[in-house]
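Breakdown of the fold
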Amino acid sequence: MNSKYSKWHHPYKIDKKYDKKVAYFSMEFGIHQALKIYSGGLGFLAGSHMRSANELKQNVIGVGMLWKYGYYDQSRNKDKTLRPDFVEKTYNFLEDTGIEVSIELHDNPNVKVKAYVLKPEIFGSVPIYLLSTDVEGNDFLSRTITNNLYDANEATRISQSIVLGIGGAKVVEALGGANIYHLNEGHALPAFYYLRDKGVKKNRFVFTTHTPEKAGNEERDANYLNQCGFFGRTLSAEELAKESVNGGKINYTVSALRMAKKANAVSKLHAKVSQEMWKGFDKTCKIIPITNAQNQNFWQDKKLKKAWENKKESAFNKRKLELKSELFDEVLNQTEKIFDPKVLTLVWARRFAGYKRADLLLYDIERFERLISNEKYPVQIIWAGKPYPLDYSGIEIFNKLVHYTKYKPNLAVLTGYEMDLSRKLKEGSDVWLNTPRITREASGTSGMTAAMNGSVNVSINDGWIPEFEKNNKNSFILPEQDYKMPVHEQDKLDAENLYDILENKVIPTYYSQPKKWQEIVFKGIDDVLPEFSSHRMADQYYKELFN
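Calculation rules
- Residues numbered from 1 in each chain as written.
- Predicted model: local features only at pLDDT ≥ 70, side-chain atom pairs only at ≥ 80, totals over all residues.
- Heavy atoms only, no water.
- Axes fitted to C-alpha atoms, helices over the stretch in contact; angles between N-to-C directions.
- Helix = DSSP H or I, 4+ residues; strand = E, 2+ residues; numbered from the N terminus.
- Left-handed = near helix turned anticlockwise from the far one by under 90°.
- Contact = heavy atoms within 4.5 Å.
- Nonpolar A, V, L, I, M, F, W, Y, C, P; charged D, E, K, R; others polar.
- Pairing = 2+ DSSP bridges.
- Salt bridge = Lys/Arg side-chain N within 4 Å of Asp/Glu carboxyl O.
- Buried < 20%, exposed > 50% of the residue type's maximum accessible area, 1.4 Å probe, protein only.
- Arc of directions from axis to C-beta.

1. Description of the packing of helix H5 (residues 190–197) against helix H8 (residues 252–259)
One can describe the packing of H5 onto H8 by two numbers: an axis separation of 10 Å at closest approach and a directional angle of 35 degrees. With respect to the hand of their crossing, H5 and H8 are arranged in left-handed fashion. Contact residues: Phe192, Tyr193 and Arg196 in H5; Ser255, Ala256 and Met259 in H8. A class-by-class count of the residues in the contact of H5 with H8 yields four nonpolar, one polar and one charged.

2. Description of the sheet that holds strand E17 (residues 431–434)
The six strands lie next to each other as E16-E15-E14-E17-E18-E19, forming an open sheet whose pairing is parallel. Of all the strands in the sheet, the pair left with one neighbour each is strand E16 (411–414) and strand E19 (475–477). The mean angle between the axes of side-by-side strands here comes to 20 degrees, regardless of whether they run parallel or antiparallel. Its contacts with the sheet place helix H14 (residues 392–405) against strand E15 (379–384) and E16, and it is angled at close to 140 degrees to E16. Running at roughly 160 degrees to E15, helix H15 (residues 419–428) makes contact with strand E14 (344–349), E15, E16 and E17 of the sheet.

3. A word on the pattern of salt bridges
Taken as a whole and assessed by the stated rule, the structure comprises 40 salt bridges. Asp134 is paired through a salt bridge with Lys68; the nearest N and O atoms lie 3.2 Å apart. With Asp134 in the loop between strand E7 (128–132) and helix H3 (140–143) and Lys68 in the loop between strand E2 (60–65) and strand E3 (73–76), this residue pair connects regions lying 66 residues apart in the sequence. Judged by its relative accessible area of 27%, Asp134 is partly exposed.

4. So, helix H9 (residues 268–278)
Residues that lie three or four places apart on an α-helix share one face, since the helix turns once every 3.6 residues. Those residues of H9 lying buried are His270, Ala271, Val273, Ser274 and Trp278. Looking straight down H9, one finds that the buried residues subtend no more than 165 degrees of arc, so they occupy a single side. Along H9, the residues that are exposed and aim more than 90 degrees away from the buried face are Lys268 and Lys272. Of the surrounding secondary structure, the elements contacted by the buried residues of H9 are strand E11 (249–251), H8, strand E12 (262–265) and strand E13 (287–289).

5. Side note on unusual backbone geometry
Backbone geometry follows two general trends: most residues other than glycine have a negative phi, and most peptide bonds adopt the trans configuration. Cis geometry is found at the peptide bond from Leu529 to Pro530, where omega equals -5 degrees. Residue Tyr150 is not a glycine yet carries a positive backbone phi of 55 degrees. By the element assignment, Tyr150 lies in the loop between H3 and helix H4 (154–175). Of note in this structure, Arg357 is not a glycine but carries a positive phi near 55 degrees. Secondary-structure assignment places Arg357 in the loop between E14 and helix H13 (365–372). Accessibility expressed as a relative area gives 3% for Arg357, which makes it buried.

Here it is as structure tokens:
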């Protein structure tokens, strides 16, 4: 079949500032609720980037994966605890580009990879090429490679990297090639190996590192990767030794930092943490900060935006009450609880990972019970988020909160934390809680889109927050702990500080000083825009990383 998109194509005239052809490889893209090929922050970021690249008329394409079952659908067991469901997705709005490439995987010399395109007019992004191995002619195992995002099976996970990296690079070649190959995180690392062998020079490779978490910086046995076809050809023992670190391992981040001309971290603080983390490895490239951001046109409610621009407090608050009511319909539907739009509403919503501490509020149960039963100053609290389906400690925290909140009329745990619910929570919350252990959150972006919608950040001073916060003026920030302190001590001090800030500052300000609260809300929007909008970020990538 013949598609305009079987060659490098944009439906607009490229802005001269952005004429370098950039192929942006990412394991996930959060473009729209209905296109379930994302799990969380990495996808939300990539989606906002692709939207801004389109709005700024940049010469960028996305290269990703067409996940047959997505990440997972978050459902509930009979007792309301978490149940992951895997349901096939069929996207009739994607177009078959007619491009099919073949890659060598394990012992199979000919695994077919088909490229579909998400056209710009569908959801307002640049063209995004999504790869699938669920192709006629592939054997059963090969067809399952693109089933599940972040598959737990090691061989499958490695195959996914090879499909995205080498399959993706071959698709870009079929489109006519790119000037710059950008890896958003190390998942597509095989692209660099394959392209380097084809003679593509280092000055065309760039890399973004997203997390200081060990699990996010993959490390696997070099010999095993070699057998799997990870490098695009079989490397000799000498070549393999040259690529290996830590006793015969390939660290995806270290390899990417060695092959790229330049890399970026996703906040100023994260750049320092990253430089420190990787300084022991030779021949790595420079890591500069380009702070994450989110797309304002997509994430900010239009009526809130208008009221803020005109500094119309009453219109803003009227709209906020409407948005709270919409969110509370969802709370009622899922938990059979009736929330009150006039009551201060706190939201903790993000991936359920241990270091993010979803249950920090429950640290001192007696104190927490006093907080949630104060009749003079009532509060409502909502938790939402998806743990990784095999992260049993994350699931345990989720289920603990479900059991604890079940009979509490002003506490709720919601499932289905995807783009639509994320938007509802940001528009309908008064306070956005962010409680990671310090230095563990590379950037975090949910607080940015919350601030755009007049939700006040109450946060640990980590990730992007130090670049934004003006304590007590646009947010409320917990005192910093020494991150080298034992974890249980950090948790105890952070919990005490969190209760103090809520009891003495956040809650009384909301109820007793509404004028001051409104100033903080508007100041949050003033300070988050345009600094943390993805137009700034997409522009900065061209100026500082691609050029």
